[in-house]
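Spelled out, the chains give:
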Amino acid sequence: MTRPAPQPQDPGNGPVPADGGPRQSPPNGGAVPPPDHGPDPHRTATAPSAPDDLIYEHGPGRRVYYTAHQRRVDVTALGQLALALPAFLMSTLVVLLVSSILDGCLGLPFWIPAALWLASGALVFHRPTEDLLARYLLGLRRPMPQEAARLEPVWREVTAIAGIDGALYQLWIEESDELNAYAAAGHIVGVTRFTVEQLPSGQLAAVLAHELGHHTGGHAWSSLLGHWYGLPGRAAWRALRAMARSVVTPARCAVYLTVGVLLLAIGGLASTAAAVLYGCPLLLVFPYLSAAVGRRAELRADRHAAALGFAPKLAEVLQIMHANEVRTRQKALAVMGQRMERESTPARLLSTHPDFATRLHHLRHHL
């Protein structure tokens, strides 16, 4: 990978002095503590602040080198796009059918709806659209001042180590008491309130490095594109199923037959499209392939965090998540009076996330 000529960059505060500033950074990465505005209405209880155990070597005033290529499309992202092709073809047929109806009824040119639908994929990288997606679909909010003072220095350190311009991404908070984070769309990095408040800075950095790996590997946007371009086909299928369930009287027998023919036609088109692309045998294992690609994406994001030096902290986070999962399952089974059993093989194969033992096994080379 080629690098551009080194340019002094300051992700947060403008130009950098020529001498690069002092070596040591303030304990919290240079962030000025926000004024006290009273209790945070979003917090259910006042939790003690997590320890700041991260060494900040790229705080304000330090020279940061950005890589020449901020994003790439790895094998996992290509696999996600390939597996979305049957749904894309099915949606294309639905859009073309709607376009022909509009052309016949309203005189709207046939190509306009199809062209608009194809071009709508660019909204994945459109910041205002991402804001709407984050707020109203994912249920996220902007960080409060205390959360921003805690989160932004850690994010700046992680992105600086990776050579990525952290200002390209937007940090969001999910109101949840669970340990979790995720990458979405083109620039969204969501973290739960529990993760920000309770994890030490080193573990928080490992979590953010994992989510950054999803973005730089193309996993987030390719997954969203596959979901977006499959929406018309899924919507048509659900509409036809709803129509079929609503037909219950003999007087509507003709409508029932028509809906049945349409259902068979759409199912046949989808099966034909998938068979042409992948062959009939792969249709049976298609859900398993999609889940396997999702698990591979998680492992690659773990590898990205480990390559940045966060493998030990990421392993600690995975152990905490595993303990929480076991505790939650034990409580649920105790309520029902059942014993905890090992997850079945089909369930593991259909899971989009690897089990924690597998993730820790792949991290052992970096510990």
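Placed above this text is the structure.
A quick note: this is a predicted structure, and the numbers were derived from the prediction, not measured.

About the criteria used
- Residues numbered from 1 in each chain as written.
- Predicted model: local features only at pLDDT ≥ 70, side-chain atom pairs only at ≥ 80, totals over all residues.
- Heavy atoms only, no water.
- Pairing = 2+ DSSP bridges.
- Helix = DSSP H or I, 4+ residues; strand = E, 2+ residues; numbered from the N terminus.
- Contact = heavy atoms within 4.5 Å.
- Axes fitted to C-alpha atoms, helices over the stretch in contact; angles between N-to-C directions.
- Parallel < 35°, antiparallel > 145°, perpendicular 65-115°, else oblique.
- Left-handed = near helix turned anticlockwise from the far one by under 90°.
- Buried < 20%, exposed > 50% of the residue type's maximum accessible area, 1.4 Å probe, protein only.
- Arc of directions from axis to C-beta.

Caption draft 1: Expanded view of the sheet that holds strand 3 (residues 181-184). The strand order 1-2-4-3 describes an open sheet built from four strands, whose pairing is mixed. Taken across any chain shown, the strands that pair with only one partner, and hence form the sheet edges, are strand 1 (140-141) and strand 3. The strands touched by helix 4 (residues 127-137) are strand 1, strand 2 (170-174) and strand 4 (188-192); relative to strand 2, the strand with the most contacts, the crossing angle is about 15°. Against the sheet, helix 7 (residues 201-216) makes contact with strand 3 and strand 4, and its axis sits at roughly 25° relative to strand 3, the strand it touches most.

Caption draft 2: Quick peek at the packing of helix 1 (residues 75-83) against helix 12 (residues 286-336). Where helix 1 contacts helix 12, the two axes come as close as 9 Å, and the packing angle between them is 155°. As summarised for this structure, helix 1 and helix 12 are arranged roughly antiparallel, according to the angle between their axes. Of the two elements, helix 1 crosses helix 12, and the hand of that crossing is left-handed. Note on element contacts: helix 12 touches helix 1 through Phe286, Leu289, Ser290, Val293, Arg296, Ala297 and Arg300, opposite Thr76, Gly79, Gln80 and Leu83.

Caption draft 3: Helix 4, seen in detail. Along helix 4, the residues that are buried comprise Glu130, Leu133 and Ala134. The arc that holds every buried residue of helix 4, seen down its axis, measures 95°, which confines them to one face. Projecting away from the buried face of helix 4 at angles above 90 degrees are the exposed residues Leu132 and Tyr136. Looking at the buried side of helix 4, the elements it contacts are strand 1, strand 2, strand 4 and helix 8 (219-229). Gly139 sits one or two positions beyond helix 4 and adopts a positive phi of about 70°.

On their own, these measurements won't tell you what the molecule is for.
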